[in-house]
Amino acid sequence: MTDSNQDLVAHARELLGASITGVRESAGQLTLEVRRDDILPVCTRLRDDPALAFDQLMDLCGVDYLDYGRESPVGPRSGPRFAAVYQLLSLKHNRRLRLCAWLDDEMPLIASVTGIWNSAVWYEREAFDLFGIVFEGHPDLRRILTDYGFVGHPFRKDFPLIGQVEMRYDPDKQRVVYQPVSIEPRTLVPRIIRDEGFAKG
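Here is what the cut-offs are and how they apply
Residues numbered from 1 in each chain as written. Predicted model: local features only at pLDDT ≥ 70, side-chain atom pairs only at ≥ 80, totals over all residues. Heavy atoms only, no water. Helix = DSSP H or I, 4+ residues; strand = E, 2+ residues; numbered from the N terminus. Expected span 1.5 Å × (residues − 1). Contact = heavy atoms within 4.5 Å. Buried < 20%, exposed > 50% of the residue type's maximum accessible area, 1.4 Å probe, protein only. Core = buried A, V, L, I, M, F, W, Y, C linked by side-chain atoms within 4.5 Å. Salt bridge = Lys/Arg side-chain N within 4 Å of Asp/Glu carboxyl O. Arc of directions from axis to C-beta. Polar contact = N/O pair within 3.5 Å; in protein donor to acceptor, adjacent residues only side chain to side chain.

A. Representation of helix α1 (residues 3-16) in the model. With 14 residues, α1 should reach 20 Å at 1.5 Å per residue; the first-to-last C-alpha distance of 20 Å fits that figure. Those residues of α1 that are buried lie in contact with β1 (20-26), β2 (29-34), α2 (39-48) and β5 (95-102). Among the residues trailing α1, Gly17 stands out with phi positive, at a value near 60°.

Printed below as a string of structure tokens:
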């Protein structure tokens with residue numbers, strides 16, 4: 001771990017204590033794993049502490065680990081299926097930090113950080129729409145990319161590959177209508193699973 005990241009981890013552990021459940025570094029990028037229930041106080045302290053000053057949320061996304069490591073020699077990973085991942089930036093210190101909070105499998109739920117960073121409004125809606133992660137306290141949690149009548153969450157790995165209905169605009173009814181799929185079923189390209197680190201030199 002780089003000296004800069006070691007200093008950051010030491011200060012974060014002093015500031016956040018038991019809220020940090022794990023620390024990882026990959027390619028110089030530091031990741032703090034934090035308790036789901038502590039996400040609001042953790043993010044507030046990371047933003048407000050002058051030595052950290054993570055004043056910008058650059059990205060927030062959901063991750064589904066359902067099949068992660070399935071093809072590896074040690075077998076699939078154990079632990080929660082879903083995670084919420086936050087990419088933070090400190091302009092003052094020119095430093096980045098990734099936060100990872102593990103969620104419950106049955107009901108992936110975590111507090112909204114829209115009160116800390118306004119940019120989270122759209123990011124959280126996207127993670128809700130695509131992964132089904134519920135952000136408690138979000139001011140307008142509704143779908144952002146899929147149709148209002150869409151059932152399911154497209155980025156979950158258990159989502160069916162072929163749909164049963166399609167929609168089109170009906171000029172006679174002057175509205176969008178749903179109808180059974182009119183295209184012929186076809187064989188999809190098989191899923192390719194590559195070993196970890198396949199592109200490294």
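Read on for the rest.
B. The environment of Glu106, seen in detail. The topology assignment puts Glu106 in the loop between β5 and β6 (109-111). A relative accessible area of 76% means that Glu106 is categorised as exposed. Sequence separation of Glu106 and Arg81 is 25 residues, and the distance between their C-alpha atoms is 9.3 Å.

C. The arrangement of the nonpolar core in detail. By size, the foremost hydrophobic cluster in this structure holds 34 residues, and its most contacted members are Leu46, Tyr86, Leu88, Leu97, Leu99, Ile110 and Val113. Taken together, the elements giving at least two residues each to this core come down to α1, β2, α2, β3 (56-64), β4 (82-90), β5 and α3 (120-131). Ignoring anything within four residues of it in the chain, the contact list for Ile110 reads Arg36, Ile39, Ala84, Tyr86, Ala101, Leu103, Ile133, Val134, Phe135 and Glu136.

D. Looking closely at the pattern of salt bridges. This model, assessed by the stated rule, comprises ten salt bridges. Between Asp64 and Arg81 there is a salt bridge, and its shortest N-O distance comes to 2.8 Å. Taken together, the positions of Asp64 in strand β3 and Arg81 in the loop between β3 and β4 put the pair 17 residues apart, joining distant regions of the chain. Overall, Arg81 belongs to the buried group, its relative accessible area being 14%. Here the residues in one salt-bridge network are Arg36, Asp37 and Asp104, joined through shared partners.

E. Quick peek at α2. Turning to α2, its buried residues are Ile39, Val42, Cys43 and Leu46. Within α2, the buried residues cover an arc of 95° as seen down the axis, which keeps them to one side. Of the surrounding elements, those touching the buried residues of α2 are α1, β2, β4, β5 and β6.

F. Spotlight on the side chain of Arg143. Here Arg143 is to be found in the loop between β7 (134-136) and β8 (165-170). Taking relative accessible area as the criterion, Arg143 reaches 14% and is therefore assigned buried. At 2.8 Å, the side chain of Arg143 and the backbone oxygen of Gly152 are in polar contact. Not counting residues within four places of it along the chain, the set of residues in contact with Arg143 comprises Arg125, Phe128, Asp129, Phe150, Val151, Gly152 and His153.

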